[in-house]
Amino acid sequence: MDMSPVATDIGTVVATRMPALIDDLKSLVGIPSVAFPGFSSDPVHRMGEAVLELLQRSGASDARLLDIPGGYPAVYAEIAGPAGSPTVLLYAHYDVQPAPLSQGWDTDPWQATTGADGRIYGRGAADDKSGVIVHAGTMQVLGSKPPVGIKILIEGEEETVSHLEDFVEANPALFDCDAFVIADMGNLAVGRPALTTALRGEVSCTVRVRTLRYPVHSGVFGGAAPDALVALIKILATLHDAVGSTVVPGVSGTEWPGADFDEAVYRDSAGLLDGVELYGTGTLASRLWSRPSATVIGIDAPSVAAASNVLIPEATAKVSMRIAPGADAERELDLLTTHLASVAPWNVEVEVSKIKAGWPFTVDMSGPTVRVATEALAAAFGAAVETIGSGGSIPLINSLAQASPRADVILWGAEDMALSRIHASNESVDPAEIEKMITAQVLALRSLGGQNADHRRAADTT
Ligand SMILES: [Zn+2]
């Protein structure tokens with residue numbers, strides 16, 4: 001399958017814009033916009049201003065900063081389309097994960113570098129400053145009179161506690177639209193276009209175990225009185241069966257119906273050590289995208305350095321469980337906490353506290369924009385579109401979908417899963433993926449506008 005003639009024409013225009021867009025991407029990567037607590041707020045604000053300036057000179061002349069109470073500003077713009085045309089909201093985020101050198105970076109994460117492979121390296125080059133560039137490029141190609149109404153939302157705290165969800169719920173009219181285009185995803189591999197059709201949710205809780213009133217000598221008392229850490233470990237060990245499948249009773253999961261994830265690519269991108277086996281059963285796609293997976297993400301107990309020969313009286317773990325698309329987050333959290341409270345050995349004291357019930361998301365594939373977007377993606381890449389899932393969660397999508405329930409949701413982007421290494425060291429993006437995603441977005445918006453113009457003409461003649 002080759003690119004269609006229309007896609008080729010748009011592709012030619014996009015290609016002329018790419019050198020300047022890559023320069024813009026590189027300067028954005030140079031701003032360490034980590035919105036986590038404890039990091040300097042100055043670069044985050046500078047990044048917001050830089051995105052504002054980029055959007056303004058890309059055609060969104062009225063772009064402005066939205067003050068998000070309690071958080072960092074979002075960049076927002078509205079560009080009117082032809083009368084009666086649909087409105088599409090383009091989303092990306094400008095904040096990034098931290099990039100400690102202990103992760104093992106080969107280059108300075110805050111100095112964008114072009115590798116010998118042509119990829120751009122640096123924190124945020126893919127996640128999600130590439131999304132910002134895809135939207136800016138789309139605006140530049142469409143010009144000041146886009147075929148549809150466009151809203152742009154570039155968030156400043158997607159990677160940390162987001163205050164934007166509350167803001168969206170309080171100001172739904174700002175986010176009212178016919179389609180959300182979320183450019184914070186990517187293809188399984190470069191050149192293989194993919195639409196993300198489902199996101200897992202995440203629920204979490206802490207489990208605290210107490211067995212003794214105070215620490216006591218492990219030689220004098222060890223052997224009969226259970227220590228809290230061993231009891232906690234026994235509780236946590238019930239989250240998985242012998243082959244490693246998550247087995248919290250009652251939690252839901254299904255088989256993934258779309259493309260599978262290549263095992264070699266998965267092993268490599270996960271940084272799995274040689275010889276370590278994968279756990280669970282079934283296709284990799286099902287394990288990653290449509291079944292639950294429980295993880296222990298922290299334990300409070302004496303450190304090895306501070307360890308002494310005592311029975312530990314108290315220990316706490318934080319458990320996170322990714323939940324399947326379509327699952328009820330409150331129900332899954334109930335099942336997890338009930339399970340953890342019920343499996344304590346030796347009648348030890350257990351206190352399970354709920355932390356979070358983050359909902360999964362499933363794209364309604366019957367939406368008209370989804371069909372248009374799929375065709376545009378196929379045309380831009382000259383290849384058939386795969387449907388993939390994402391193990392990660394984007395809680396904001398549920399807030400946006402509530403603000404505009406009629407809107408379709410398109411999840412895609414330039415962050416390929418094989419090589420981008422988002423959140424890890426040596427994060428990178430392939431400029432060709434950015435280029436094709438701009439082409440796809442321009443094509444999709446043009447055909448949405450064109451369809452609409454056809455309808456208007458039809459309406460005029462009757
Ligand atoms: Zn992201």
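Below is a short write-up of the structure. (Residues numbered from 1 in each chain as written. Predicted model: local features only at pLDDT ≥ 70, side-chain atom pairs only at ≥ 80, totals over all residues. Heavy atoms only, no water.)

### Comments concerning the overall build of the chain
Counting secondary structure elements, the chain contains twelve helices and 18 strands. Taking 462 residues into account, the globule formula puts the C-alpha radius of gyration at 23 Å, and the chain, at 24 Å, falls close to it. Taken over the C-alpha atoms alone, the chain extends approximately 90 × 50 × 45 Å along its principal axes. In the chain, which comprises 462 residues, the proportion classed as buried is 52%. By sequence separation, contacts in the chain at least 24 residues apart represent 81% of the contacts at least 6 residues apart. Accessible surface, the chain as shown: approximately 19600 Å² in total, 55% of it carbon and sulfur. (Helix = DSSP H or I, 4+ residues; strand = E, 2+ residues; numbered from the N terminus. Rg over C-alpha atoms; globule rule 2.2 N^0.38 Å. Buried < 20%, exposed > 50% of the residue type's maximum accessible area, 1.4 Å probe, protein only. Contact = heavy atoms within 4.5 Å. Areas by Shrake-Rupley, 256 points an atom, 1.4 Å probe, with all protein chains shown as cover.)

### Some points on the coordination of the zinc ion
At the metal site, the zinc ion is ligated by H93 (NE2), D127 (OD), D184 (OD) and D184 (OD), and these contacts range over 1.9 to 2.5 Å. With four donor atoms in place around the zinc ion and angles of 54 to 145° between them, the coordination shape is irregular. Between the donor residues of the zinc ion, the gaps in sequence give the motif H-x33-D-x56-D. Linking H93 in strand 3 (residues 87–93) with D184 in the loop between strand 7 (179–183) and strand 8 (194–199), this pair joins segments that are 91 residues apart in sequence. (Donors = N, O, S within 2.8 Å, 3.2 Å for Na, K, Ca; no water. Tetrahedral: all angles 85-135°; square planar, octahedral: opposite > 155°, others 65-115°.)

### Remarks on helix 9 (residues 329–342)
Every α-helical turn comprises 3.6 residues, leaving residues that sit three or four positions apart pointing alike. With 14 residues, helix 9 ought to run about 20 Å at 1.5 Å a step, and its terminal C-alpha atoms sit 20 Å apart, in line with that. Turning to helix 9, its buried residues number three or more, namely A329, E332, L333, L336, T337, H339 and L340. Relative to the axis of helix 9, the buried residues are bounded by an arc of 160° and lie together on one face. Facing away from the buried side of helix 9 by more than 90 degrees, the exposed set consists of T338 and S342. Next to the buried residues of helix 9 lie strand 9 (201–210), helix 6 (228–237), strand 13 (314–323) and strand 14 (349–358). Where helix 9 begins, the side chain of D328 points an oxygen toward the backbone nitrogen of E330, at a separation of 3.0 Å. (Expected span 1.5 Å × (residues − 1). Arc of directions from axis to C-beta. Polar contact = N/O pair within 3.5 Å; in protein donor to acceptor, adjacent residues only side chain to side chain.)

### Quick look at the sheet that holds strand 5 (residues 120–121)
If you walk across this open sheet you meet the three strands as 4-5-18, and the pairing is antiparallel. Looking at the sheet topology across the chains shown, the edges are occupied by strand 4 (113–114) and strand 18 (428–429). Note that strand 5 and strand 18 share two bridges and pair antiparallel. Across the sheet, residue I120 finds its bridge partner in strand 18, namely V429. (Pairing = 2+ DSSP bridges.)

### Quick notes on the nonpolar core
Nonpolar side chains in soluble globular proteins tend to end up buried together. Grouped together as the largest cluster of nonpolar side chains are 94 residues, with contacts concentrated most on F175, W412 and I434. Counting 24 residues, the second largest nonpolar core, distinct from the first, contains V207, I235, L239 and V348. (Core = buried A, V, L, I, M, F, W, Y, C linked by side-chain atoms within 4.5 Å.)

### Quick look at the environment of V161
Its location among the elements puts V161 in the loop between strand 6 (149–155) and helix 4 (164–170). It is 29 Å that separates the C-alpha atoms of V161 and E433, two residues lying 272 residues apart in sequence.

### A closer look at the sheet that holds strand 14
Pairing within the open sheet is antiparallel, and its four strands lie in the order 11-13-9-14. What marks the edges here is a single partner per strand, and that holds for strand 11 (293–300) and strand 14. Ignoring which end each strand starts from, the neighbouring axes of this sheet average 20° apart. As defined by bridge partners, strand 9 adjoins strand 13 across ten bridges and the pair is classed as antiparallel. Bridging across to strand 13, V203 finds its partner in M321. In the packing of helix 6 onto the sheet, contacts are made with strand 9, strand 11, strand 13 and strand 14, and the angle to strand 13 comes to roughly 15°. Along the sheet, helix 9 makes contact with strand 9, strand 13 and strand 14, crossing strand 14 at roughly 165°. (Axes fitted to C-alpha atoms, helices over the stretch in contact; angles between N-to-C directions.)

### Points about the packing of helix 2 (residues 42–57) against helix 3 (residues 129–142)
With their axes 10 Å apart at the nearest point, helix 2 and helix 3 run at an angle of 20° to one another. As judged from the angle between their axes, helix 2 and helix 3 are roughly parallel. For helix 2 against helix 3, the interelement crossing comes out right-handed. Contact residues: helix 2 offers M47, V51, L54 and L55, while helix 3 offers K129, V132, I133, A136 and Q140. (Parallel < 35°, antiparallel > 145°, perpendicular 65-115°, else oblique. Left-handed = near helix turned anticlockwise from the far one by under 90°.)

### Quick notes on unusual backbone geometry
Residues D127 and D128 are joined by a peptide bond in cis, for which omega reads 0°. Within the element layout of this structure, D128 appears in the loop between strand 5 and helix 3. The phi torsion at H423 lies on the positive side, around 70°, for a residue other than glycine. Summarising the element assignment, H423 is placed in the loop between strand 17 (408–412) and strand 18.

### Thoughts on the pairing of strand 16 (residues 386–390)
With four of its five residues buried, strand 16 lies for the most part within the structure. Where strand 8 meets strand 16, five bridges bridge the pair, whose relative direction is parallel. From the neighbouring strand, L199 faces strand 16, where its bridge partner is S390.

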